[in-house]
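Observations on chain architecture
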Amino acid sequence: MPVSLQAQGSLASTLPLLGDGSAMSASAERRLGDRIVRELYRDPDFIDDPVLSDYVQGIWLPLLAAARARGDLTPELDERFAWRIVLGRDRSVNAFALPGGYFGVHLGLLAVVSSRDELASVLGHELSHVTQRHISRLIAKNEQQTPWMIGAMILGALAASKSPEAGNALIVGGQALSAQSQLNFSRDMEREADRVGFGVMTQAGFEAQGFVGMFDKLQQAARLNDTGAYPYLRSHPLTTERIADMQSRLPLGAPHSVEVAPTMTHAMLTARARVLANPGADALRGWQAQADALASAPTAAQQAGALYGAAMAASRLRDAAQARKQFVRLQKMVADDAEAARQARWLGVEIELAARDRSRPQVLALASNVGLDLVRPEAVTALRRPDLLLQAQIAMQAGQDGVMDSAAQNLQVWLVKQPQDTLAWQWLASIYAAQNHRLRALRAEAEARIAQLDYAGALDRLKSAQDRLRATGVANSSADHIDASIIDTRRRQIEALFKEQALDN
């Protein structure tokens, strides 16, 4: 019998948590996480793909809401931690939790999960490592290490999953290297993350079978003597006890192992992850042959995924004709699936924006595909992030003030609620620069830097804006005075944050 939401929350609060009594404060852990993630943002493998990010966020946000409802995520941690996911282009199957509520997901993981439920199981597990303060407890055990060395050690461990040489270069000193094994989660912590993560994902509405299905994938990889494609196995080793525990949590009568049929949307986004993770010309050409081979695949989802990958790959090879051909086939196939049709529409806009043979009227015709005419705040908030960022690209290519004004207004409304959206700030800066609003462009560039915790870069741009004001003088318009006031206030705020950052370093 299902347990009520209230009962689940009270039950969770009475269970003993391994994270209780953590010796590291939440603010100190957040500062350490900020230091680590700053370096990840500079990594060439860091990727902010709006379409994949939108898909992952659609899974992540219900998990956070469920953790709050259960009482696993306390108000203090909710406020102090980032709860932000960073995507990496790496093809290895990996996900990881970092101090301060940051989480990493490799495209290789997105490429192998068979359903939203399997991805939710991994994210729920990692989320639980943080809500139960496992990371804090492990760091507290290494009190002899300075935060700087711990940060370097974690970065080194992450780099080593891609390149042992790079990893060893980043891991500072033999003492930190020897302590790395102590940062691996204990068996008790893994079991607790399984238990809490299972409760979080099921309360969020995901199928329990996703947890077991993901375990089956990892177990098969372990039997094949992991060659490095599954670094997740090394940081989260499977045991028969963990597998049996998750299987026992399935409803009575449910099969312990069942082949999950992906939806068309999931198959398409899996293909997108694979294309982005392996952008070489040979790999992109291989998608064309795969699309032909899967034309008679047993499921519509497999066919849709193959066509999506082929269309996207052709676009990246600058073969607009082939990309359009595969897109038309895809569009017909997904017409009756609203979400898959939306994903296909976004891809179609990307293809046209990348094509070299389209005219300005053709670019403007794309506007209706992403709601560029919707400038009312209530309409903008109903749009999803890929819509807004595609709007910005259309506006830049169209080069018309009216279109750019609409796109800029939409981005401004979005950024009021999503001030950490680096890519949105960057596109807003580009639009302002194209319209010769240099002061606003500099401020938007500064906000983009702030979103990635690059306070030095933000200050550089804010100082440039103030220099420009001094050189030209503030105009008589109220808008100019408001911009000047905002820039002055932001500079003082960021100078204080930069000083704190320097002290931490």
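On a predicted model such as this, the values are computed, not experimentally measured, just so you know.

Observations concerning the packing of aromatic side chains
The tally for this structure, following the rule as stated, stands at 6 aromatic pairs. Residues Phe198 and Phe211 carry aromatic rings whose centres are separated by 6.0 Å and whose planes lie at 45° to one another, so their mutual orientation is tilted. Remark: Phe211 occurs in helix α12 (residues 209–223) and Phe198 occurs in helix α11 (residues 187–203); sequence separation between them is 13 residues. Accessibility classification places Phe198 together with Phe211 in one group, the buried group. Seen in terms of ring centroids, Phe211 and Phe215 are 5.5 Å apart; in terms of plane orientation they differ by 85°. Their pairing is edge-to-face. Pair noted here: Phe211 and Phe215 are both in helix α12, with a separation of 4 residues, about one helical turn. Aromatic rings pair up to connect Trp60, Phe81, Trp83 and Phe103 into one cluster.

Describing the packing of helix α18 (residues 320–333) against helix α19 (residues 338–354)
For the pair α18 and α19, interaxial distance at closest approach is 11 Å and the crossing angle is 165°. By the angle class used here, α18 and α19 are roughly antiparallel. Crossing of α18 over α19 shows left-handed handedness. Within the contact between the two elements, α18 uses Ala323, Arg324, Phe327 and Leu330 and α19 uses Ala344, Leu347, Gly348, Ile351 and Glu352. Residue classes in the contact of α18 with α19 are distributed as 6 nonpolar, 1 polar and 2 charged.

Quick word on the pattern of salt bridges
One pass over the structure, following the stated rule, counts 33 salt bridges. Here Arg249 makes a salt bridge to Asp245, at a shortest N to O gap of 3.4 Å. By relative accessible area, which is 31% here, Arg249 ends up partly exposed. One continuous salt-bridge network, built from bridges that share partners, spans Asp54, Glu339, Arg342, Arg384 and Asp387.

Topic: the environment of Arg91
Mapped onto the elements of the fold, Arg91 is located in the loop between β2 (84–88) and β3 (95–98). Each C-alpha atom of the pair Arg91 and His106 lies 6.7 Å from the other, and the pair is 15 residues apart in sequence. Apart from residues lying up to four places away in sequence, Arg91 is in contact with Gly108, Ala277 and Asn278.

Considering the environment of Gln466
In this structure, Gln466 sits in helix α26 (residues 455–472). A relative accessible area of 11% means that Gln466 is categorised as buried. For the pair formed by Gln466 and Ala484, sequence separation is 18 residues and the distance between their alpha carbons is 7.6 Å. Excluding its chain neighbours within four sequence positions, the residues that come into contact with Gln466 are Ile487, Asp488 and Arg491.

Here we look at the side chain of Gln288
Locating Gln288 in the fold gives a position in helix α16 (residues 281–293). Of the polar contacts made by the side chain of Gln288, one reaches the backbone oxygen of Ala310; its length is 3.0 Å. If sequence neighbours within four positions are ignored, Gln288 has contacts with Ala310, Ala313, Ala314, Gln322 and Gln326.

Quick word on the pairing of strand β4 (residues 102–106)
Most of β4 is tucked away: 5 of the 5 residues are buried. Side-chain alternation along β4 places Tyr102, Gly104 and His106 on one buried face and Phe103 and Val105 on a second face that is also buried. In this sheet, β4 lies alongside β2 in parallel orientation, the contact comprising 5 bridges. Paired with Ile85 across the bridge in β4 is Phe103. Of the strand pairs in this sheet, β3 and β4 are connected by 4 bridges, and their pairing is antiparallel. Within β4, the residue paired with Ala97 across the bridge is Phe103. Following β3, the chain reverses through 3 residues before pairing antiparallel with β4; Gly100 in that reversal takes a positive phi of roughly 80°.

Focus on the confidence of the model for the protein chain
With 80% of its residues at a pLDDT of 70 or more, the protein chain has an overall mean of 83. Of the regions scoring below 50 in pLDDT, residues 1–21 engages in 26 contacts with residues more than four places distant in sequence or in other chains. Note that residues 164–183 has pLDDT below 50 and, in this model, 35 contacts with residues that lie over four places away or in other chains.

What to know about the sheet that holds β3
Reading across the sheet, the 4 strands line up as β1-β2-β4-β3 and stay open at both edges, with mixed pairing between neighbours. Only two strands of the sheet have a single partner each, and these edge strands are β1 (46–47) and β3. Where β1 lies against β2, 2 bridges are found, and the strand directions are antiparallel. Along β2, the bridge assignment pairs Ile47 with Leu87.

So, helix α25 (residues 438–451)
Taking 1.5 Å per residue, 14 residues should reach 20 Å; α25 reaches 20 Å between its end C-alpha atoms and fits that length. Among the residues of α25, Leu439, Ala441, Leu442, Ala444, Ala446, Glu447, Ala448, Ile450 and Ala451 are the ones counted as buried. Where α25 terminates, the next one or two residues include Leu453, which has phi positive at roughly 65°.

About the thresholds
Residues numbered from 1 in each chain as written. Predicted model: local features only at pLDDT ≥ 70, side-chain atom pairs only at ≥ 80, totals over all residues. Heavy atoms only, no water. Phe/Tyr/Trp six-rings, centres within 6.5 Å; stacked < 30°, edge-to-face > 60°. Helix = DSSP H or I, 4+ residues; strand = E, 2+ residues; numbered from the N terminus. Buried < 20%, exposed > 50% of the residue type's maximum accessible area, 1.4 Å probe, protein only. Axes fitted to C-alpha atoms, helices over the stretch in contact; angles between N-to-C directions. Parallel < 35°, antiparallel > 145°, perpendicular 65-115°, else oblique. Left-handed = near helix turned anticlockwise from the far one by under 90°. Contact = heavy atoms within 4.5 Å. Nonpolar A, V, L, I, M, F, W, Y, C, P; charged D, E, K, R; others polar. Salt bridge = Lys/Arg side-chain N within 4 Å of Asp/Glu carboxyl O. Polar contact = N/O pair within 3.5 Å; in protein donor to acceptor, adjacent residues only side chain to side chain. Pairing = 2+ DSSP bridges. pLDDT = per-residue confidence, 0-100. Expected span 1.5 Å × (residues − 1).

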